[in-house]
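A structural walkthrough
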Amino acid sequence: MTSDVKESFSGDSPPAPAALAAKVRTLAPSMTRSMQLVAEAVAGDPAGCAALTVTGLAERTGTSEATVVRTARLLGYPGYRDLRLALAGLAAHQESGRAPAVTADIAVDDPIADVVAKLAHDEQQTLADTAAGLDTVQLGAAVAAASTARRIDVYGVGASSLVGQDLAQKLLRIGLIAHAHTDPHLAVTNAVQLRSGDVAIAITHSGSTGDVIEPLRVAFDRGATTIAITGRPDGPVSQYADHVLTTSTARESELRPAAMSSRTSQLLVVDCLFIGIAQRTYETAAPALSASYEALAHRHTPRAR
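Rules and cut-offs
Residues numbered from 1 in each chain as written. Predicted model: local features only at pLDDT ≥ 70, side-chain atom pairs only at ≥ 80, totals over all residues. Heavy atoms only, no water. Helix = DSSP H or I, 4+ residues; strand = E, 2+ residues; numbered from the N terminus. Buried < 20%, exposed > 50% of the residue type's maximum accessible area, 1.4 Å probe, protein only. Areas by Shrake-Rupley, 256 points an atom, 1.4 Å probe, with all protein chains shown as cover. Core = buried A, V, L, I, M, F, W, Y, C linked by side-chain atoms within 4.5 Å. Contact = heavy atoms within 4.5 Å. Pairing = 2+ DSSP bridges. Axes fitted to C-alpha atoms, helices over the stretch in contact; angles between N-to-C directions. Salt bridge = Lys/Arg side-chain N within 4 Å of Asp/Glu carboxyl O. Right-handed = clockwise from strand over helix to strand, strands pointing away.

Once that is clear, we can look at the overall build of the protein chain. Helix and strand counts for the protein chain come out as 14 helices and five strands. When the 305 residues of the protein chain are sorted by exposure, 45% land in the buried category. Accessible area of the protein chain: about 15000 Å², with a carbon and sulfur share of 55%.

As structure tokens, this is what we get:
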């Protein structure tokens, strides 16, 4: 884990206790195995771990005191003492009588009603995890850059391309020049035309999709402000991103591929980005949005016979 990734999650103040479990789920895949052991322990038994000293937790997880402290800092806490306070708060929250969570694992013979309940629960958890882990400072900087951009290019392939198209069409409706590129060759040739004052947005859950990273790298080299929306903040895409917006890590199953959860979290980030831009450009965005509604109104009105 690089120091850049640590700093991107440390923030000025520790995350609230309720956000701790979300942080663990989001960051665990990018941790070392020893750090994962510590993270899994504190998320799985917050009450028990809250009662342990740093030495005690290191012994319980078979790691070292240094690993425990590094894990605490990666999760956003200045030190282990702050993590213990958050664990105590999380334990109290869990003991408050809240009903146990529904498992999101879907079996091939589940009744459709159970499928609906499990998917709804998992979607809610994905959104909660994404909101808890989203760096609002990074989001604000991305909003500021996009609000004054001459042009905005969005890159994505597969399921992420659908999210990119959603963002681009929203921005077009408030009067901004935005294009979603799904063809990797066209994405690169368009990125070559970008310059300072333009914005390029890459959407990749894995953080390592070459067809998305390449145009972002070109845009970065050309001086455009670059933004990555990714579930892997330590992935290769972040090397070329001025601002990184982290989505929740998908929990996969045989019948629920990663693209389903990642799409949900990406859409939340995209909506936050869009609303922030619309707020900052309200004087021009509101009339543009009204004009687009008016232009399409006749298509939604039943024709008289």
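Additional details are given in the paragraphs that follow.
Further remarks concern the environment of Ile-227. The residue Ile-227 is located in strand E4 (residues 225-230) in this model. When the C-alpha positions of Ile-227 and Asp-242 are compared, they lie 5.9 Å apart, and in sequence the two are 15 residues distant.

Turning our attention to the nonpolar core. Judged by nonpolar contacts, the single largest core of 29 residues is most densely connected at Ile-152, Leu-171 and Ile-201. Put simply, the parts of the chain that give this core at least two residues each are helix H9 (136-147), strand E1 (152-155), helix H10 (159-173), strand E3 (199-203), E4 and helix H13 (258-280). Looking at this core, the element that brings in the most residues is H13, giving six residues. Aside from chain neighbours lying at most four places away, what touches Leu-171 is Ile-152, Leu-176, Ala-178, Phe-274 and Ile-277.

Turning our eyes to something else, we now look at the sheet that holds E1. Backbone-to-backbone hydrogen bonds pair the strands of a sheet. The strands run either parallel or antiparallel. What the five strands build is an open sheet, ordered E2-E1-E3-E4-E5; its pairing is parallel. Either end of the sheet is taken by a strand with one partner, and the two such strands are strand E2 (178-181) and strand E5 (243-246). This sheet shows a mean twist of 15 degrees between the axes of neighbouring strands, independent of strand direction. In this sheet, E3 lies alongside E1 in parallel orientation, the contact comprising four bridges. From the neighbouring strand, Ile-152 faces E3, where its bridge partner is Val-199. Strands E1, E3 and E4 of the sheet are contacted by helix H12 (residues 210-221), whose axis makes an angle of about 160 degrees with E3.

This next bit is on the pattern of salt bridges. The final tally for this structure, using the stated rule, is eight salt bridges. Between Arg-150 and Asp-198 there is a salt bridge, with its nearest N and O atoms 2.8 Å apart. Separated by 48 residues along the polypeptide, Arg-150 in the loop between H9 and E1 and Asp-198 in the loop between helix H11 (184-191) and E3 bring together distant segments of the chain. A relative accessible area of 37% places Arg-150 in the partly exposed class. You can call Asp-198 buried: its relative accessible area is 0%. Two residues, Arg-151 and Asp-153, come together in a salt bridge whose shortest N-O distance is 3.1 Å. Linked by salt bridges that have partners in common, Asp-166, Lys-170 and Asp-271 make up one network.

Among the six residues of E4, five are classified as buried, and the element is accordingly described as predominantly covered. Pairing of E3 with E4 involves five bridges; the strand directions are parallel. Across the sheet, residue Ile-203 finds its bridge partner in E4, namely Ile-229. In this fold, E3 hands off to H12, which returns the chain to E4; that crossover is right-handed. Pairing between E4 and E5: four bridges, direction parallel. Bridge pairing in E5 places Thr-230 opposite Thr-246.

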